[in-house]
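# Commentary on secondary and tertiary structure
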Amino acid sequence: MPISETRVEEITKSLKRCSAETLNAALRFEESRNLDELPAIILGVLARDAANPKPEGVAAATDDSRLIEDIGMDSFGMIEVVMTAEEVLGITVANQEMNDIRTLGQLKAFLRTKFAA
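About the cut-offs
Residues numbered from 1 in each chain as written. Predicted model: local features only at pLDDT ≥ 70, side-chain atom pairs only at ≥ 80, totals over all residues. Heavy atoms only, no water. Helix = DSSP H or I, 4+ residues; strand = E, 2+ residues; numbered from the N terminus. 1 Å grid on protein atoms, 1.4 Å probe; cavity = no way out; pocket = protein on both sides within 12 Å on 5 of 7 lines; lining within 4 Å. Points joined across faces, edges and corners; volume = space filled by probe spheres on them. Axes fitted to C-alpha atoms, helices over the stretch in contact; angles between N-to-C directions. Parallel < 35°, antiparallel > 145°, perpendicular 65-115°, else oblique. Left-handed = near helix turned anticlockwise from the far one by under 90°. Contact = heavy atoms within 4.5 Å. Nonpolar A, V, L, I, M, F, W, Y, C, P; charged D, E, K, R; others polar. Core = buried A, V, L, I, M, F, W, Y, C linked by side-chain atoms within 4.5 Å. Buried < 20%, exposed > 50% of the residue type's maximum accessible area, 1.4 Å probe, protein only. Salt bridge = Lys/Arg side-chain N within 4 Å of Asp/Glu carboxyl O.

### Focus on unusual backbone geometry
The phi dihedral of Arg17 falls on the positive side, at around 75°, and the residue is not glycine. Looking at the secondary structure, you find Arg17 in the loop between helix 1 (5-14) and helix 2 (20-32). You will see that Arg33, though not glycine, has its phi angle at about 60°, which is positive. By the element assignment, Arg33 lies in the loop between helix 2 and helix 3 (38-49).

### What to know about empty space enclosed by the protein
Overall, the coordinates contain two cavities of 30 Å³ or more when judged by the stated rule. Volume-wise, the largest cavity comes out at about 80 Å³. Lining the largest cavity are Leu38, Ile41, Ile42, Val45, Val81, Thr84, Ala85, Val88, Leu89 and Leu111. Of all the secondary structure elements, the ones that give two or more residues to the lining of the largest cavity are helix 3 and helix 4 (75-89). When residues of the lining of the largest cavity are assigned to their parent elements, the largest contribution, five residues, is made by helix 4.

### Some words on the packing of helix 3 against helix 5 (residues 104-116)
At a closest axis distance of 11 Å, the pairing of helix 3 and helix 5 adopts a crossing angle of 125°. Considering the angle they form, helix 3 stands oblique to helix 5. The interaxial crossing formed by helix 3 with helix 5 has right-handed handedness. Every residue of helix 5 that contacts helix 3 at Leu38, Pro39, Ile42, Leu43 and Leu46 is listed here: Leu104, Leu107, Lys108, Leu111, Arg112 and Phe115. The residue makeup of the contact of helix 3 with helix 5, split by class, is nine nonpolar, no polar and two charged.

### Quick word on the nonpolar core
When a protein is soluble and globular, its nonpolar side chains tend to lie buried together. In this structure, Leu46, Leu67, Met73, Leu89, Met98 and Leu107 are the most contacted members of the largest nonpolar core, which totals 31 residues. Taken together, the elements giving at least two residues each to this core come down to helix 2, helix 3, helix 4 and helix 5. Ranked by residues supplied to this core, first place goes to helix 4 with six residues. If near-sequence neighbours (up to four positions away) are discounted, Met73 is found in contact with Leu46, Asp49, Ala50, Ala51, Leu67, Ile68, Met78 and Val81.

### Quick notes on the layout of surface pockets
Of the volumes computed, that of the largest pocket is approximately 310 Å³. If you trace the largest pocket, you find 16 residues lining it, with Ser75, Met78, Ile79, Met98 and Asn99 closest to the centre.

### Considerations on the pattern of salt bridges
Per the stated rule, a full pass over the model turns up nine salt bridges. The closest approach of N and O atoms between Arg7 and Glu30, which form a salt bridge, is 3.3 Å. Within this pair, whereas Arg7 is found in helix 1, its partner Glu30 is found in helix 2, the two being separated by 23 residues in sequence. The exposure class assigned to Glu30 is partly exposed, which follows from its relative accessible area of 22%. Two residues, Glu30 and Arg33, come together in a salt bridge whose shortest N-O distance is 3.5 Å. With a relative accessible area of 39%, Arg33 lands in the partly exposed category. One connected set of salt bridges, linked through shared partners, spans Arg7, Glu10, Glu30 and Arg33.

Quick look at the structure:
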């Protein structure tokens with residue numbers, strides 16, 4: 001189903017300062033709802049919002065990478081990630097739902113469960 005111009009603008013605004021790859025993945029996701037697009041979106045948003053980015057960058061992250069210690073996120077960055085997920089993916093995330101998410105793999109799994117319901 002084609003995406004409205006208004007929705008394209010909303011997604012583009014939400015992903016400001018993200019890579020073109022991240023934006024394109026989000027637009028494909030919006031059109032297809034293909035969960036295989038989620039990793040590219042997640043990594044792009046984490047790369048944009050990392051407060052203390054590590055030299056190797058988010059691109060080197062694995063599912064076992066810890067969001068704070070290995071990727072360089074802080075609490076403000078995680079709030080940005082949640083807000084962006086809500087805006088771009090059209091989901092609702094309660095603050096307490098994020099309390100136990102420590103790794104990239106846990107974050108990916110959590111977001112996938114939001115679409116399984």
